[in-house]
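If you want the building blocks of each chain, they are given just below.
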Protein chains: 4
Amino acid sequence: MQGLSTPMRAALLPLLHSRSAVGNAFPCLSNRGWVRDIGLYSKSIRMQANPAQKFCTTASAIGSETSGNQDRKIFANFAFYKGKSAMNITPMKPIFKLAETGSAFIYKEGALFLEIAPAVGQRKYDWNKKQVFALSVLELGTLLGLSPEEGCEFYHDPNMGKSDAGMVRKVFKVEPMADKSGYFFNLAVSNKLDKSDGRLSIPISKAEFAVIRSAINYIIPYLMGWHVIVDPLKLADCMPSKDLKSDGPSLVKDARMEWAK
Amino acid sequence: MQGLSTPMRAALLPLLHSRSAVGNAFPCLSNRGWVRDIGLYSKSIRMQANPAQKFCTTASAIGSETSGNQDRKIFANFAFYKGKSAMNITPMKPIFKLAETGSAFIYKEGALFLEIAPAVGQRKYDWNKKQVFALSVLELGTLLGLSPEEGCEFYHDPNMGKSDAGMVRKVFKVEPMADKSGYFFNLAVSNKLDKSDGRLSIPISKAEFAVIRSAINYIIPYLMGWHVIVDPLKLADCMPSKDLKSDGPSLVKDARMEWAK
Amino acid sequence: MQGLSTPMRAALLPLLHSRSAVGNAFPCLSNRGWVRDIGLYSKSIRMQANPAQKFCTTASAIGSETSGNQDRKIFANFAFYKGKSAMNITPMKPIFKLAETGSAFIYKEGALFLEIAPAVGQRKYDWNKKQVFALSVLELGTLLGLSPEEGCEFYHDPNMGKSDAGMVRKVFKVEPMADKSGYFFNLAVSNKLDKSDGRLSIPISKAEFAVIRSAINYIIPYLMGWHVIVDPLKLADCMPSKDLKSDGPSLVKDARMEWAK
Amino acid sequence: MQGLSTPMRAALLPLLHSRSAVGNAFPCLSNRGWVRDIGLYSKSIRMQANPAQKFCTTASAIGSETSGNQDRKIFANFAFYKGKSAMNITPMKPIFKLAETGSAFIYKEGALFLEIAPAVGQRKYDWNKKQVFALSVLELGTLLGLSPEEGCEFYHDPNMGKSDAGMVRKVFKVEPMADKSGYFFNLAVSNKLDKSDGRLSIPISKAEFAVIRSAINYIIPYLMGWHVIVDPLKLADCMPSKDLKSDGPSLVKDARMEWAK
């Protein structure tokens, strides 16, 4: 249990994009996972007033600091929990830059992050062992276009074009179920750098795929940056943050680089 | 008639989320139901200037208090009226919380509330006897994925994981019509706590299902909280309100807990 | 020509919702119609600087008065021009009202206005003879659900429930083309009040229907008022304006009352 | 190489709408193209701090000047790179004008610009030789309605209705692949004014078409100006800018005039 997630730790340590998430054992936050945990742990949360107050902020409180929201990290993971594994999907925003003329142009399209973690007990998942795959807009289009009997396969090399190209190899494969009632999502990562290998799989039902399809349809124009065309005020949210300016390696950078090939 | 809804009472006592709605006999507000009632009661409304003025506010008035809108309760029910029953659908927003780091993360996904009430006369429905079912994002995905000859069935226990688990049992069942011209929506609730049982059904035509499908497709990303990813300024609207911090039971809490299993 | 529309008059006299549009001979503004007219009349527009300046306002000018936009009438008609007739579609916003508690609730759902006018020359349409039909959300759902070989038919009585019920009778009928390449939209209005009768028809190709379908899918949640749920700041735009508080009859009121039956 | 694009020049000289783009050899900015180029040129970008800083602006910087975003030109091209050519799609906003009454009406619907450029080396495209085609809302509807075995064809004359009508003739043709795995997009332009002829073609896979379809569905209501109906605050972004008031010819004007026939 030591290395696994508890809701209290999850609540106090949002982490998806933080570097510490890579090496440590913090879970990926998840809405329904969290709700479920509240069911299990509701007593401790409701009785221990302090921890709850620490991360609770009412609408009026945040309302007074609304202008600061564009610098705030926001996590809206959506998770699918199954017997042997769980999958999270979460969008990563596109990045615009300004030219000297003052015009803004899209610099990197966004991506949909897909994370699969193995189960290590009933309704317990070890997000420390998760594998991550960043789906590009075109790959999402492939998922949208799948018929019930079709599958697809994508290969990513996060280090493509760099000196350590080929050291990490990721394969994401979607296979239709024999009875057309859904798909298997398979993610295999072979990492020669840290000598780790991972192979995770999760069944996705027709209903779950309908949610994924609806979410993809909604998010594609956002990942393309077209929401900024429609509403220029959203440009500020899509400018590079200070994190991305750091020159060290980070999970986010690497993941998005996967499909920058 | 005493226990039933009249448009005037509906107008003056919005209630969906108020606790009094549970025990009292106030109807669920509904746009078209209301319009229709205006037809029937137009004389009283137009002649009795006072009641109308009480709940009328012009755009300019509300415009000056726009910044307060995030604390305002907003009801946009959409209703389907049939001979023996009526059905209301209304979205319930997702809830985000802040961590100490200042990051926001989704705490509870939203839901689509579905309410069915029996008819008690021509175009009169007893919302006091309504049954409520909170559809999760994944259940909405199931509805999206239905073909004309398919059905589905969901079971909810609002008290799951609590001491009174199993006391209330809800079953929502969608059955395709024999001629594929639509579906029957059936909602059965057996409540051992207040010894009440309810079984309501409503026919939904293909056209009505197209509206429901369009509404579901629109609302899924919102229920997932992804609209906050796309527009961080909307975070303030999705922070917990003071109501949800009250520790007493409420209709809303229970209903959303249904699928937090 | 006297009674017909010219682009200059259209530009200077926006009118769709004004009462004078009923009895007078002003056209319905239309984007592409207007663009086309610019082609034909480009010389006069470009040379006569004054009229152009009268209705031109640059982005910076309107930017400084942005806060006033919620009181501004906005027209975004979309037109289909054919040999014998033209059709316009334009959304009409839903109306919310405030209860004494401060809560806002939807009071009237919005509608999609459909206007058909007869041709009176090459690319000239007499909008004075147009017929109007206000499609409700459920009727739009019917259009969404149509297969290529299906049709549908709606009946409206703008005076339903009033003393002059039955005096005006509107029938909107969608008929699939024999070769499934599109639909015929037929609108018949018999008005015993002003002893006028009208019967207009327009062919809608598969491509045009795809645009209509896309527009309907986009606008349904708006007509339901759900965009206010998603963004409470939009409430101000959906509050009753002063026009609607006038007690006299108006085209808009009547048209929306059509389906308030 | 002299006349071709390099990412550094692209970054410093955003140009899509500038007149100089017509005669000079600047590329069309592209998100993924840019990302890819970062891979190839990463060393120079990361080492030469100055150029990078010139066009980098952090979120906090742009946040403080948010109100100026409506005058800022925003480019969010989305590109498809293939062996022999590349294709860019980018939306062009609709234009509203104000009447003397203060009402706003749509003056020109928007368009989806489609640009195809020939390859001149591995992953190098000569955007100087690109051909441009502005797809109208109805033409986009035609694309939406295509089945896997259908095609379509559009003819544009940018000078229609003017003295040099017929001098430039553009034909955009979509042909289904024999195996239904996608489409060929063909663009042929014959220009008697500058005696240039161009014929470019690009294969579009089923997945790519799914992205295009998703993007079209998202952008159609925007091109129709209906986003301003839903959110009147967006009116300011759709008012004519000073550029459009210039009386000289420009690429943008011409391109949009193509379908103003």
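Participant: Even after reading the chapter, I still don't get the overall build of chain A, so can you show me in this structure?
Facilitator: On a plain count of helices and strands, chain A comes out with 10 helices and 11 strands. Here chain A, with 261 residues, has 60% of them falling under the buried criterion. Long-range pairs, those at least 24 residues apart, make up 56% of the contacts in chain A with a sequence separation of at least 6. As presented, chain A carries roughly 10400 Å² of accessible surface, and 53% of it is formed by carbon and sulfur atoms.

Participant: Is there a simple way to explain the pairing of strand β2 (residues 78-81) of chain B in this structure?
Facilitator: Across a regular strand the side chains alternate sides, sitting on one face of the sheet and then on the other. Residues and elements named next belong to chain B. Burial of β2 is two-sided: the residues Phe-78 and Phe-80 facing one way and the residues Ala-79 and Tyr-81 facing the other way are all buried. Pairing geometry for β2 and strand β3 (residues 85-92), over 4 bridges, is antiparallel. Paired with Tyr-81 across the bridge in β3 is Ala-86.

Participant: Explain the nonpolar core to me, please; I cannot follow it from the model alone.
Facilitator: Proteins that are soluble and globular tend to have nonpolar side chains buried together. In terms of nonpolar packing, the biggest core is built from 204 residues, with Phe-185 of chain A, Phe-185 of chain B, Phe-185 of chain C together with Phe-185 of chain D touching the most fellow members. Excluding residues within four positions of it along the chain, Phe-185 of chain A makes contact with Met-87, Leu-114, Ile-116, Phe-172, Lys-173, Val-174, Leu-200, Ser-201, Ile-202, Ile-204, Phe-209 and Ile-212 of chain A.

Participant: Explain the pattern of salt bridges to me, please; I cannot follow it from the model alone.
Facilitator: Once the charged atoms of two side chains with opposite charge are near each other, the side chains can pair. All names here are of chain A. Enumeration according to the criterion identifies 28 salt bridges over all chains in this entry. Here Glu-115 makes a salt bridge to Lys-130, at a shortest N to O gap of 2.8 Å. Highlighted residues: Glu-115 in strand β6 (residues 111-118) and Lys-130 in the loop between β6 and β7 (131-135), separated in sequence by 15 residues. Residue classification places Glu-115 among the buried positions, given a relative accessible area of 2%. Of the residues examined, Lys-130 reaches a relative accessible area of 15% and is grouped as buried.

Participant: When you look at the packing of helix α7 (residues 206-223) of chain B against helix α6 (residues 137-144) of chain C in this model, what are you seeing that I'm missing?
Facilitator: Two measures define how a pair of helices packs: the angle their axes make with one another and the distance between the axes. As a packed pair, α7 of chain B and α6 of chain C sit with axes 7 Å apart at the nearest point and diverge in direction by 95°. One finds that α7 of chain B runs roughly perpendicular with respect to α6 of chain C. Across the interface between the two elements, Ala-207, Glu-208, Ala-210, Val-211 and Ser-214 of chain B of α7 of chain B pack against Val-137, Leu-138, Gly-141, Thr-142 and Leu-144 of chain C of α6 of chain C. By residue class, the composition of the contact of α7 of chain B with α6 of chain C is 6 nonpolar, 3 polar and 1 charged.

Parameters at a glance
- Residues numbered from 1 in each chain as written.
- Chains lettered and ligands numbered in written order.
- Predicted model: local features only at pLDDT ≥ 70, side-chain atom pairs only at ≥ 80, totals over all residues.
- Heavy atoms only, no water.
- Helix = DSSP H or I, 4+ residues; strand = E, 2+ residues; numbered from the N terminus.
- Buried < 20%, exposed > 50% of the residue type's maximum accessible area, 1.4 Å probe, protein only.
- Contact = heavy atoms within 4.5 Å.
- Areas by Shrake-Rupley, 256 points an atom, 1.4 Å probe, with all protein chains shown as cover.
- Pairing = 2+ DSSP bridges.
- Core = buried A, V, L, I, M, F, W, Y, C linked by side-chain atoms within 4.5 Å.
- Salt bridge = Lys/Arg side-chain N within 4 Å of Asp/Glu carboxyl O.
- Axes fitted to C-alpha atoms, helices over the stretch in contact; angles between N-to-C directions.
- Parallel < 35°, antiparallel > 145°, perpendicular 65-115°, else oblique.
- Nonpolar A, V, L, I, M, F, W, Y, C, P; charged D, E, K, R; others polar.

Everything listed here is a matter of geometry and, on its own, says nothing about what the molecule does.
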